[in-house]
Amino acid sequence: MGKLREKLNDLDGGNCALPLALEAMGERWSFMILRAAFNGVHHFEEFQQELNIARNILSNRLSKLVDHGIMAREVMAEDRRKVLYQLTQKGVELLPAMIALRQWGEKWGAGVPSTPVLVDTHDEQPIGPVTITAHDGRPLEYGELVWKHRSELQPLGQARVRMAPVAAE
């Protein structure tokens, strides 16, 4: 992927957001809670029952998701003992990452498609694979990627277009 590389020992997120994302989401229970929230689970007791998770672990993970702005916590007015947890916009925007991990697991882990299947509401057909796309929507493969320092980026019309090598005639 070229000569420039990410600073791989940057664990505080100074130049790469991945360590910060992993700090917020980097363990299994957080992902399982998020999956439950995407499936309409909203209350502590529901999370505990659906996930079969210990109360202390659930409380800790929900607090962390709230602290990171991924979920919002609201005490119910009609019963102050009941708390509603909902995904924030920041949480909803984790859906592509969740889908990508699920699709990867289907391909390399379980070896079988998951069920139920996520479909779009337009034609009720399964969603396509999560891919890396160029700014213009072209799907990209790993070999088409290279790291560049942000200061080296050119405006769209001025960027150098890489051409495939021409075969010798």
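Above this note sits the structure.
Residues numbered from 1 in each chain as written. Predicted model: local features only at pLDDT ≥ 70, side-chain atom pairs only at ≥ 80, totals over all residues. Heavy atoms only, no water.

## Topic: helix H3 (residues 44-51)
Two residues of an α-helix separated by three or four positions point the same way, owing to the 3.6 residues in each turn.
Item 1. Within H3, the full set of buried residues consists of Phe44, Phe47 and Leu51. Taken around the axis of H3, the buried residues stretch over an arc of 65°, which confines them to a single face. Counted as exposed and oriented over 90 degrees from the buried face of H3: Gln49 and Glu50.
Item 2. Among the structural elements, helix H2 (28-38), helix H4 (55-67), strand E1 (71-75) and strand E2 (83-87) are those in contact with the buried residues of H3.
Item 3. Positive phi shows up at asparagine 52, right after H3, with a value of about 55°. (Buried < 20%, exposed > 50% of the residue type's maximum accessible area, 1.4 Å probe, protein only. Helix = DSSP H or I, 4+ residues; strand = E, 2+ residues; numbered from the N terminus. Arc of directions from axis to C-beta. Contact = heavy atoms within 4.5 Å.)

## A closer look at the packing of aromatic side chains
Item 1. Counted under the stated rule, the structure contains one aromatic pair.
Item 2. Centre to centre, the rings of phenylalanine 47 and tyrosine 85 are 6.4 Å apart; their planes meet at 75°, and the pair counts as edge-to-face. Separated by 38 residues along the polypeptide, phenylalanine 47 in helix H3 and tyrosine 85 in strand E2 bring together distant segments of the chain. Here phenylalanine 47 and tyrosine 85 have matching classes, each one buried.
Item 3. Sitting over the ring of tryptophan 29, arginine 28 keeps its end group 4.9 Å from the ring centre. (Phe/Tyr/Trp six-rings, centres within 6.5 Å; stacked < 30°, edge-to-face > 60°. Lys NZ or Arg CZ within 6 Å of the ring centre and 35° of its normal.)

## A few points about the packing of H2 against H4
Item 1. Interaxial distance between H2 and H4 falls to 10 Å at its minimum, and their mutual angle equals 75°. As far as their axial angle goes, H4 and H2 are roughly perpendicular. Contact with H2, carried on its side by Trp29, Ser30 and Ile33, involves Ile57, Leu58, Arg61, Leu62 and Leu65 of H4 and no other residues of that element. (Axes fitted to C-alpha atoms, helices over the stretch in contact; angles between N-to-C directions. Parallel < 35°, antiparallel > 145°, perpendicular 65-115°, else oblique.)

## Section: unusual backbone geometry
Item 1. In the segment running from threonine 115 into proline 116, the intervening peptide bond is cis, with an omega of 5°.
Item 2. Checked against the element boundaries, proline 116 lands in the segment after helix H6 (95-110).
Item 3. Notably, glutamate 124 is not glycine yet its phi reads approximately 55°, a positive angle.
Item 4. As for its position among the elements, glutamate 124 is in the segment after H6.

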